[in-house]
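Report on the structure
Given next are the chains, with one letter for each unit.
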Amino acid sequence: MPIHTNLEKQQFHLTNGQVSYIFHVMKNGHLGHLYYGKALRHRSDFSHLQTYYVATPASCHVYEDDPAFSLETLRQEYPAYGNSDFREPAISVGKDNALNVPDFKYDSFRILEGKPRLEGLPATYTDKASTIQILLKDEFLQAELTLNYTIFQDKPVITRSASLKNYGTENLVIDRMMGASVDFPDKDFIFTHLSGSWSRERHVKERRLEMGNQSISSLRGASSHHHNPFLALKRLEATEHTGEVFGFNFVYSSNFIMQVEVDHYDTARLTVGIHPFGFKWNLLPHEAFQTPEVVMVYSDKGLNGMSQAFHALYRENLIPAQWRKAKRPILINNWEATYFDFNEEKLVKIAKSASELGIELFVLDDGWFGKRNDDTSSLGDWHVDLNKLPNGLESLAKKISNVGMKFGLWFEPEMISPNSELYREHPDWAVGTPHQRTFGRNQLVLDFYRPEIVDYLYEKMSNIIKLTNLSYIKWDMNRNITEAFSRKLAPNEQGEFFHRYILGVYSLYERLTSEFPHVLFESCAGGGGRFDPGMMYYAPQAWTSDDTDAIERLKIQYGTSFAYPIYSMGSHVSAVPNHQTLRTTPLLTRANTAYFGTFGYELDPLTLSEEEREEIKGQIVFYKNHRNLIRDGQFYRLLSPFSNNETAWMVVSQDQSEALVGYYKVLATPNSPKQQTLRLRGLNEAASYSVARSNHAYYGDELMQVGLQLPIEFNGVNGKSAERGGDFQSHVFYLRNIDIGEKNKRME
Ligand code: DGJ
C-alpha cells in the first residue's frame, strides 16, 4: 500500500520504495509538510520530523501562548497569506469586496486506486498508482479545498493538483491558486531551468538559490520559447549522474510561474501554478475550479536519473496510448524547401523524390489555403487555394498517396489574419480590446474561449481530415497573446481569459484526437514555443525549434531532453547553408544530430546530388533500423554542449542489448591533445558489445570505465586535409550485445 495513514496523529505517508512524501494536520487544522525525498522506512509516527524555530520578538504567531507556532516558519502543504505567514502563498481567495484570509482546515481524506482524470485538462494517467485526496474547509468562505496527491507504483513520481469548490451562496474570487507548493527545509540547491528565445529554446541555465524570490514564468498566453514550465532543484553536490535532484514540470500550455522563495531562515518554498498576474477567477456558488497538474520527480541519480523518470512517465502515462508503441513516420516537410512558393506539380515531385529515398510521410506546411502567398493573409480561411492547387486537396492527397507517401497538413487554428474572409465576416472573433490591438506576424488571435469559434475550427479541420484521409497534422501557433480580452466575458471576468482560452485549445485537441485517433499531431509554436506536457498529452511530438542547424540543435535537444523524451522532439535534416545560421555542416552531422528525435527532412530533395541521395537513403535505412530503440530506450547525456566543444549522448535499449551513441565535435582542434575515448553509460557490465565499424568487441565495463575509442582526429598538415576533418564533425556508433563466443569478430 503506497499510502499510509495514521488517523490518530493525522499523518499521511506516500511511499513506493523510491520516494517518500509525508505531511500531517497541524494543531491549527492546516496541513503541515514533514518530508519530501528519498524513500524513508515507514513508522507509525513521524511527529518528530516537525521542525520549529525559536520565536523572535518580530514574529507573529497563531496562538498567544505559543509564540513558536508561527506559520511564517512552519513548513506547510498549501499555504495562505496574512495569517502569520508572510511568504507568497499557494492560494489567495476571498469573498468579493470583503477582507478575508483563507483558513482551510482539515476535514477528511479519501484514497482511490489509480488516478482520476482532470476534467477538461491534460494530465498524466495510469492505473498503477494510488491517489489521496485531502479535503479542507474554510467555514467563513464556505469553500472546500481538495488537494490531490498521486503516487505512482513503479516510478519516483508524485503528481499534485488542487481544486476549490464554492458550497456557499456568495461569489468567491480566486486571485491565485497554485497546482502545488513544497516547503523545503533549506536552500542548498541549484535552480536549474530551460530558457532561451525563438530559435534557441530550452538552453540549460543554472543559478544557486539565494534569499529572496527567484522564478521563471510566462505571461504570453503560451508556455513560451523563453521559459519552459520545467524546473529542477539540484543539490549542490549533485551532478549529471549522481546526487539528489527534484524535478518539476507543469502540465499546462499557458501563463505559468515556477517560483522559489528563500526566506530569512534559509528555507525554500517552491510554488508552481498558473501565473497569478492578471488572473482573477469568479467562483460562483456550486462551481469548482481545478488547477492544472504538477509533476514532481525525485532522483538520487542526478539530472540524468530525473530525466529518465520524466521520459518513462511521458512515454507511458502522458502521450496518447495509441502512439506509445507506434512507429512515427519519417517525414519530409516542404517549409524550408519551398516556403510559400509551390504548386501541385512541385509538391508531387518533391513527394515522389522523397518517397524514392524511403521517406514515409509528406507534410504540406503553411500556404495551401485562402490566398496565402506570404504571411500577411488568409489565416482562418481553411479552404484550399485553387490558384496553387487547382485540383484541390483531395486530388493532391491522392497523388501523394500514389507515390507511396502518407499525407500531412499544417494548420494554425488559433489565428486569424485581418486580411481574410473570416475576419471580414467576423471581425469580433479576434482577441483584443475594442480600441487597442497589437500585431505579431501580421495576425490576430482567435478567441478560443468562445465555443462557436472552436466549433467552426472543428468543422473545418475534421472535414479536411476526412476529405484527404489525413495521417498527420502540424498544429502551429505563431504569436503570443496581447490585449487579452474577450468580447464575450464581462469586465469582471476578463481575468479568466487566458485560462479559458487554453481550455478552448485543449477542447479542440480533445475532440479531434478522440474522433481521429489515427492522426498523428505534432504541436508547434513558431518552433518550440509551446513544448510542454500539456501539449504532449494530445500531440506526442513537437517541432523542437525553427532552428534546424545541426550545431544549434545540440544545445536545444540536449536541454529539451531534461524533461522530454527524445522521441517527442521533431528533428529534421535541412539544407546548407542553414537557413537560420547560414552555417554549413556535413550532411552526416545533420543526420547524426537529427537521429536522436523523430526524424525527418526539411529540404528540397530535387536539389540533391546523386551522392547526397545515396547518403540519405542510407540514413533512412539506419533510422528505420533503430527507431524502436530511439522510442523506447534509456537516454544518457554524456558531454554537455553548454560546457564543452564536444557533445555526446546515447540511448540504450531497456534490456541493454543494444545502444546508439552520438558524439559531436563543434570546432576542430589540430592534433587534438585530448584522449579520444568516450566513457559510456547504462550498459550491462558483463555483456560483450560489438561496435559497428570496429574490429573488436568490448565488455560493457570496458566501454563504461575505459571508454569507447573515438576515431583519431587529424585535421590537416600543410594545408592538406585528412579525408574527414574540419569543424562540425560527428560520429554515431551502434553497439550490440553479442555472444561471448563472438567476441572480437568483426561486425558488418
Ligand atoms: C513556424 C513553424 O515553426 C515553421 O516550421 C513553419 O511551419 C512556419 N511557422 C510556417 O508559417
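All residue numbers refer to positions counted from 1 along the written sequence of the respective chain. This being a predicted model, a pLDDT of at least 70 is required before a residue's local features are given, and a value of 80 or more before pairs of side-chain atoms are given or counted; all residues contribute to the totals for chains, interfaces and linings. Excluded from the side-chain calculation are hydrogens and water; included are all heavy atoms of the structure.

This part covers empty space enclosed by the protein. With a 1 Å grid spanning the protein atoms alone, the term cavity applies to any set of points in which a 1.4 Å probe fits but cannot get out, the term pocket to an open set with protein on both sides within 12 Å along at least five of seven lines, and the term lining residue to any residue with an atom within 4 Å of a point. Grid points are joined across faces, edges and corners, and a volume is the space filled by probe spheres set on the points. A complete count under the given rule lists six cavities of 30 Å³ or more for this structure. Size it by volume and the largest cavity reaches roughly 120 Å³. Every residue lining the largest cavity is counted, 15 residues in all, and those nearest its centre are His 30, Leu 31, Tyr 78, Pro 79 and Phe 104. Looking at the lining of the largest cavity residue by residue, the class counts come to ten nonpolar, three polar and two charged. If you go around the second largest cavity, the residues you meet are Tyr 252, Ser 254, Asn 255, Ile 274, His 275, Phe 277, Gly 278, Phe 279, Gly 495, Phe 498 and His 499. Residues belonging to the lining of the second largest cavity are distributed by class as follows: five nonpolar, six polar and no charged. Think of it as three bins: nonpolar holds Ala, Val, Leu, Ile, Met, Phe, Trp, Tyr, Cys and Pro, charged holds Asp, Glu, Lys and Arg, and polar takes everything else, Gly as well.

All right, on to the site of the ligand then. A single heavy atom is enough: if one lies within 4 Å of a molecule or strand, its residue is considered near that molecule or strand. Taken together, 13 residues lie near the ligand, and Asp 365, Asp 366, Lys 474, Asp 476 and Asp 546 sit nearest. In protein, a polar contact means a hydrogen-donor-capable atom and an acceptor-capable atom, both N or O and within 3.5 Å, with residues adjacent in sequence counting only if both atoms are side-chain atoms; elsewhere, any N or O pair within 3.5 Å suffices. Separating an oxygen atom of the ligand from a side-chain N or O atom of Asp 366 is a distance of 2.7 Å. Here an oxygen atom of the ligand sits 3.3 Å away from a polar atom, N or O, in the side chain of Trp 543. Relative to its free-state accessible area of 290 Å², the ligand is covered by the protein chains to the extent of 98%. Class assignment of the residues belonging to the shell around the ligand gives a composition of four nonpolar, three polar and six charged. Each accessible area is a Shrake-Rupley result for a 1.4 Å probe, and residues are judged covered by the shown protein chains and nothing else.

Side chains of residues three or four places apart in an α-helix project in the same direction, reflecting 3.6 residues per turn. Numbering of helices and strands starts at the N terminus; helices are DSSP runs of H or I of at least 4 residues and strands are runs of E of at least 2. Take the number of residues in a helix, subtract one, and multiply by 1.5 Å to get its expected span. Between its terminal C-alpha atoms helix α3 (residues 344-357) stretches 20 Å, which fits the 20 Å expected from 14 residues at 1.5 Å a residue. Capping the start of α3, Asn 343 holds a side-chain oxygen 3.2 Å from the backbone nitrogen of Glu 345, two or three residues further along. One or two residues past the end of α3 sits Gly 358, with phi positive at roughly 110 degrees.

Empty space among the atoms can be located by rolling a probe the size of a water molecule over them. When its volume is computed, the largest pocket comes out at roughly 490 Å³. Lining the largest pocket are 21 residues, and of these Lys 301, Gly 305, Gln 308, Ala 309 and Gln 634 sit closest to its centre. For the lining of the largest pocket, the secondary-structure elements that each account for two or more residues are β20 (294-299), α1 (302-317) and β31 (634-639). Of all the elements, α1 adds the most residues to the lining of the largest pocket, at seven residues.

Counting residues in hydrophobic clusters, the biggest one holds 198 residues, and the most contacted among them are Tyr 36, Phe 248 and Trp 368. Here the element with the most residues in this core is helix α7 (residues 497-515); it accounts for eight residues. Residues Ala 648, Val 652, Tyr 663 and Val 691 belong to the second largest nonpolar core, which totals 21 residues. For the purposes of this section, nonpolar cores are sets of buried Ala, Val, Leu, Ile, Met, Phe, Trp, Tyr and Cys residues that join through side-chain atoms within 4.5 Å. Using a 1.4 Å probe on the protein chains alone, a residue whose accessible area is under 20% of its type maximum counts as buried, one over 50% counts as exposed, and one in between counts as partly exposed.

Next up on the list: the pattern of salt bridges. A pair is scored as a salt bridge if a Lys or Arg side-chain nitrogen falls within 4 Å of a carboxyl oxygen belonging to Asp or Glu. All told, the structure shown has 44 salt bridges when counted by the stated rule. A salt bridge links Arg 87 to Asp 263; the nearest nitrogen and oxygen atoms lie 3.7 Å apart. Of the two residues, Arg 87 is situated in the loop between β4 (31-38) and β5 (91-95) and Asp 263 in the loop between β16 (256-262) and β17 (268-274); the sequence distance between them amounts to 176 residues. Exposure class is identical for Arg 87 and Asp 263. Each is buried. Overlapping salt bridges bring together Asp 85, Arg 87, Asp 183, Asp 263 and Arg 269 as one network.

Attention now moves to the packing of helix α10 (residues 587-594) against helix α11 (residues 610-632). How two helices pack is summed up by the angle between their axes together with the distance between the axes. With their axes 11 Å apart at the nearest point, α10 and α11 run at an angle of 20 degrees to one another. As summarised for this structure, α10 and α11 are arranged roughly parallel, according to the angle between their axes. In the packing of α10 onto α11, the handedness of the crossing is right-handed. Contacts between α10 and α11 pair Leu 587, Leu 588 and Ala 591 from the former with Glu 612, Glu 615, Ile 616 and Gln 619 from the latter. Note on geometry: axes are lines fitted to C-alpha atoms, helical ones only across the stretch in contact, with angles between N-to-C directions running from 0 to 180 degrees. In what follows, roughly perpendicular refers to angles from 65 to 115 degrees, roughly parallel to angles under 35, roughly antiparallel to angles over 145, and oblique to any angle outside these ranges. Note: crossing handedness is left-handed where the near helix turns anticlockwise from the far helix by less than a right angle, and right-handed where it turns clockwise. Note on definitions: a residue-residue contact is assigned when non-hydrogen atoms from the two residues lie within 4.5 Å.

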